[in-house]
Structure formats: structure tokens, C-alpha cells
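# Structure assessment
Okay, here's what each chain looks like letter by letter:
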Amino acid sequence: MSPELEVKTRKVTLSLLLKGGQLSAASLASAIGISVQAMRRHLRNLECDELVESKSVSTGPGRPSNLWKLTAKGYDHFSNGKGSEKFAVNLLAS
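Right, let's walk through the structure included here. (Residues numbered from 1 in each chain as written. Predicted model: local features only at pLDDT ≥ 70, side-chain atom pairs only at ≥ 80, totals over all residues. Heavy atoms only, no water.)

This brings us to the overall build of the protein chain. The helix and strand inventory of the protein chain stands at five helices and three strands. Considering the protein chain as a whole, with its 94 residues, one finds that 26% of them fall into the buried category. The contacts of the protein chain with a sequence gap of at least 6 include a subset with a gap of at least 24, amounting to 42%. (Helix = DSSP H or I, 4+ residues; strand = E, 2+ residues; numbered from the N terminus. Buried < 20%, exposed > 50% of the residue type's maximum accessible area, 1.4 Å probe, protein only. Contact = heavy atoms within 4.5 Å.)

This is the structure in C-alpha cells:
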């Protein structure tokens, strides 16, 4: 994947988590149009940067799945801009 596409995928993933709250890797992958494996790799990179975190949830028999969400640092990533962007972030977070 090209560096430009990596950056775009990163931004879109963070934006989807900002809007959607907790989402699975499969949901994020579907929304972006990439494989679940590629999305998991992006999420792990974002986790290493402390922008996202996962929570294991059990939805019945079988292996639990992870739901991903922004960390405080992930929210701060959006609020470092202009006043209108901070307002939008606060509105979405509430």
C-alpha cells in the first residue's frame, strides 16, 4: 500500500470511529473497502500510536470479538484544529 493510501486509510478510520463510537474491524473494513486483515493491521498501528483501543466482547459461543474506539489521545487528534472543528468533535462526542 502506498504511503498516501496509508495516511488516507488512517484518517478515514479515525473519522469513522469518531462518528460511530465502538466499531468492529469488519465494520470498518467494509466501510472503507479493504480486507479485514488489512484493517486489523491499521488498527494495531493506531493502537501503537495510542489513538485507538480495543475491548473484547462476547456475543455468544465462539471466540470473542474486538470493538475498537478512540482513546483520549485519539479525540485530541481532532480537537487540535480550529474552533469549528473542536465544536464538531465535542458535539459528536456528546
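Following the structure, the description resumes.
Sheet strands pair by backbone hydrogen bonding; their relative direction is either parallel or antiparallel. Strand order in the open sheet made by the three strands is β1-β3-β2, with antiparallel pairing throughout. Across the chains shown, the open sheet's two edge strands, defined by having one partner strand only, are β1 (23-24) and β2 (52-57). With two bridges joining them, β1 and strand β3 (residues 65-70) adopt antiparallel strand pairing. Among the inter-strand pairings, Ser 24 is bridged to a residue of β3, identified as Leu 67. Taken strand by strand, helix α1 (residues 3-20) contacts β1, β2 and β3, and its axis lies near 90 degrees from that of β3. (Pairing = 2+ DSSP bridges. Axes fitted to C-alpha atoms, helices over the stretch in contact; angles between N-to-C directions.)

With that out of the way, let us pick up the nonpolar core. Core analysis: the largest hydrophobic core is formed by 14 residues, its most contacted members being Leu 14, Leu 17, Met 39, Leu 43, Val 52, Trp 68 and Leu 70. Those elements giving two or more residues to this core turn out to be α1, α2 (25-32), α3 (36-48) and β3. With residues up to four places along the chain from it excluded, the contact list for Leu 14 reads Leu 46, Leu 51, Val 52, Leu 70, His 77 and Phe 78. (Core = buried A, V, L, I, M, F, W, Y, C linked by side-chain atoms within 4.5 Å.)

In this structure, β2 lies alongside β3, joined through six bridges in antiparallel fashion. Bridging across to β3, Val 52 finds its partner in Leu 70.

This part is about the environment of Val 12. Within the fold, Val 12 resides in helix α1. C-alpha separation for the pair Val 12 and Ile 32, spaced 20 residues apart in sequence, amounts to 7.6 Å.

This part is about α3. Between its first and last C-alpha, α3 extends 18 Å over 13 residues, near the 18 Å set by a 1.5 Å rise per residue. Taken residue by residue, α3 has Ala 38, Met 39, His 42, Leu 43 and Leu 46 as its buried positions. Buried residues along α3 cover an arc of 140 degrees about the axis, so they all sit on one side. Turned more than 90 degrees away from the buried face of α3 sit Gln 37 and Cys 48, all of them exposed. For α3, the elements touching its buried residues are α1, α2, β2 and β3. (Expected span 1.5 Å × (residues − 1). Arc of directions from axis to C-beta.)

A separate point is the side chain of Thr 71. Within the element layout of this structure, Thr 71 appears in the loop between β3 and α4 (72-79). A polar contact is formed between the side chain of Thr 71 and the backbone oxygen of Glu 50, at a distance of 2.6 Å. In this structure Thr 71 touches Glu 50, Leu 51, Val 52 and Glu 53, once residues within four positions along its chain are discounted. (Polar contact = N/O pair within 3.5 Å; in protein donor to acceptor, adjacent residues only side chain to side chain.)

Honestly, it's all geometry; don't read function into it.
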